[in-house]
Amino acid sequence: MTGRLFVYGTLRDPARQRAVAGRTFPARPATLRGFRRVDPLGGYPYLLDDAGGIVDGLVLGEIDAASLRRLDCYEDEGRLYVRRAVTVAADGVELACDVYVGAAIARG
């Protein structure tokens, strides 16, 4: 874990971050390339691999181990979503971070 997490759905909301992790995180706009966001009717967004895709979101920083465990639990990591290492662009700089992608998508 890098201490950073790219979020593109419900975790962009500081109130949701606080409800899940007990705190908010420093955030800045970021772009993830190589994926596209899917918004299923009545469901939660997830990412699909897409070489030409771009997803806008936020990169959250200063994520400690206890907060990450809470975030993993919220995302049902390993069952609904899988946390994957990626690189995002934020303020013209590339940053290593993690992102949650749909588990079925991640497993191929």
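Quantities reported herein were computed from a predicted structural model and do not represent experimental measurements.

> Honestly, the nonpolar core in this entry has me stumped. Any pointers?
Across soluble globular proteins, you tend to see nonpolar side chains buried next to one another. Core analysis: the biggest nonpolar cluster contains 28 residues, and F6, L32, L47, L71, V88 and V99 have the highest contact counts within it. Elements with a contribution of two residues or more to this core: β1 (5-7), α1 (14-21), β2 (27-38), β3 (46-60), α2 (65-74), β4 (81-90) and β5 (93-102).

> Would you explain the pairing of β5 in this entry?
The two faces of the sheet receive side chains in turn, since in a regular strand these alternate between them. Where burial is concerned, most of β5 is hidden: 7 out of the 10 residues are buried. Linking β4 back to β5 in an antiparallel pair, the connection comprises 2 residues, with D91 at a positive phi of about 55°.

> Looking at this model, I keep getting lost on α2. Mind explaining?
Side chains three or four residues apart in an α-helix point the same way, a direct result of the helix having 3.6 residues per turn. For α2, the set of buried residues is S67, L68, L71 and D72. Considered in projection along α2, the buried side chains sweep an arc of 140° and stay on one side of the axis. Along α2, the residues that are exposed and aim more than 90 degrees away from the buried face are R69 and C73. Packing partners of the buried residues in α2 comprise β1, α1, β4 and β5. A positive phi of about 50° marks D76, the residue just after α2.

Cut-off values and rules
Residues numbered from 1 in each chain as written. Predicted model: local features only at pLDDT ≥ 70, side-chain atom pairs only at ≥ 80, totals over all residues. Heavy atoms only, no water. Core = buried A, V, L, I, M, F, W, Y, C linked by side-chain atoms within 4.5 Å. Buried < 20%, exposed > 50% of the residue type's maximum accessible area, 1.4 Å probe, protein only. Helix = DSSP H or I, 4+ residues; strand = E, 2+ residues; numbered from the N terminus. Pairing = 2+ DSSP bridges. Arc of directions from axis to C-beta. Contact = heavy atoms within 4.5 Å.

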